[in-house]
Amino acid sequence: MKVLVPVKRVIDYNVKVRVKADQSGVDLANVKMSMNPFDEIAVEEAVRMKEAGTAEEVVAISMGPEQSQETLRTALAMGADRAIHVVHDGELEPLAVAKMLAKVVEEESPDIVFLGKQAIDDDANQTGQMLSGLLGWSQGTFVSKVEVADGGMKVTREVDGGLETVALKMPSILTVDLRLNEPRYASLPNIMKARKKEIAKKTPTDLGVDTTPRLNTIKVEEPPKRQGGIKVGSVSELVDKLHNDAGVI
Ligand code: AMP
């Protein structure tokens, strides 16, 4: 079985984002970038499948600027076998990413594509679902457990009311949630080994996909600053304030 794992280079989750002065977007100058945290979970699950003998090959793919290679090297150091870099400067919307992934899926014929449930920069939560639509493949979103058996999969999904278990036919698209696993840190020897692993380069043109954005960002704003808190003297004062001042009860 072959597993394809799309990994996105995003602003590190520990960084406090700054909005550009002209409100056209988020300032990325000199900001630490890392692999999207949900994609780390996806790589971890794919590598565990390989270690368990369920998967034979794990291929990581990233679409983005030259520096996305660092993200791919992280995936390789975690245990992916090889990587594909679709080199693209500038914005990429989920539909363009999904179209390019669909082309790579045609070339690579994986049995599972493991994506993050969402990228923490655009919070779109769209790419996996769009890819499933484009390919006509089964999909399991917000996945917190995966069991492969008899040419299919039993997948547990985190839904609002609790957990839902679905049976999926392969090939399939899975988007992973936080509780699926805890990703490993790459060891130094594995980071060194990853330097020698192959990263194939492609362009959107090679894949025949027009990446021109279809959406126009009108304005990006910071959330309103939080007001300072106050100390209340008693429960009845708290209830009074929640009722009369905040209007929440
Ligand atoms: P989104 O739909 O933008 O929230 O992204 C969901 C998932 O799609 C991410 O967690 C990644 O697995 C994948 N993805 C999105 N954009 C890219 C990209 N530029 N390169 C590789 N994978 C991506």
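Placed above this text is the structure.
Bear in mind that the values here come from a model prediction, so they are computed numbers and not experimental data.

1. Observations regarding the overall build of the chain
Argument step 1. A tally of helices and strands in the chain yields six helices and eleven strands.
Argument step 2. Counting only C-alpha atoms, the chain reaches 65 × 45 × 40 Å along its principal axes.
Argument step 3. Carbon and sulfur atoms make up 51% of the accessible area of the chain, which amounts to about 14200 Å² in all.
Argument step 4. Each charge class in the chain was averaged separately, 32 positive and 38 negative side chains, and the resulting centres sit 3 Å apart.

2. Quick notes on unusual backbone geometry
In terms of backbone geometry, most residues other than glycine have negative phi values and most peptide bonds are trans.
Argument step 1. In this structure, the amide linkage connecting M170 to the following residue, P171, adopts the cis form with an omega of 5°.
Argument step 2. In this structure, P171 sits in the loop between β9 (162-169) and β10 (172-176).
Argument step 3. You will see that Q23, though not glycine, has its phi angle at about 60°, which is positive.
Argument step 4. Here Q23 is to be found in the loop between β2 (9-11) and β3 (33-35).
Argument step 5. Unlike most non-glycine residues, N125 shows phi in positive territory, near 55°.
Argument step 6. Summarising the element assignment, N125 is placed in the loop between β6 (112-116) and α4 (127-135).

3. Quick look at helix α1 (residues 37-51)
Argument step 1. The end-to-end C-alpha distance of α1 is 21 Å, a good match for the 21 Å that 15 residues give at a rise of 1.5 Å each.
Argument step 2. G53, located one to two residues past α1, shows a positive phi value of around 85°.

4. Comments concerning the environment of P6
Argument step 1. Counting through the fold element by element, P6 comes out in strand β1 (residues 2-6).
Argument step 2. Separated by 91 residues in the primary sequence, P6 and V97 place their C-alpha atoms 9.5 Å from one another.
Argument step 3. Not counting residues within four places of it along the chain, the set of residues in contact with P6 comprises D39, I61, L101, V113, F114 and L115.

5. As for the layout of surface pockets
Vacant regions in the atomic arrangement are exposed by a probe of water-molecule size rolled over the atoms.
Argument step 1. Of the pockets and cavities examined, the second largest pocket occupies roughly 620 Å³.
Argument step 2. At the level of secondary structure, the elements contributing two or more residues to the lining of the second largest pocket comprise β3, α1 and α2 (68-78).
Argument step 3. Among the elements that make up the lining of the second largest pocket, the one with the highest residue count is α2 (four residues).

6. Some details on empty space enclosed by the protein
Argument step 1. Under the definition given, this model contains one cavity of 30 Å³ or more.
Argument step 2. In this structure, the largest cavity is lined by E93, L95, A96, K99, D210, T211, T212, P213 and R214.
Argument step 3. When the residues that make up the lining of the largest cavity are grouped by side-chain class, the tally is three nonpolar, two polar and four charged.

Rules behind the numbers
- Residues numbered from 1 in each chain as written.
- Predicted model: local features only at pLDDT ≥ 70, side-chain atom pairs only at ≥ 80, totals over all residues.
- Heavy atoms only, no water.
- Helix = DSSP H or I, 4+ residues; strand = E, 2+ residues; numbered from the N terminus.
- Areas by Shrake-Rupley, 256 points an atom, 1.4 Å probe, with all protein chains shown as cover.
- Lys, Arg positive; Asp, Glu negative; His and termini not counted.
- Charge placed at Lys NZ, Arg CZ, Asp CG, Glu CD.
- Expected span 1.5 Å × (residues − 1).
- Contact = heavy atoms within 4.5 Å.
- 1 Å grid on protein atoms, 1.4 Å probe; cavity = no way out; pocket = protein on both sides within 12 Å on 5 of 7 lines; lining within 4 Å.
- Points joined across faces, edges and corners; volume = space filled by probe spheres on them.
- Nonpolar A, V, L, I, M, F, W, Y, C, P; charged D, E, K, R; others polar.

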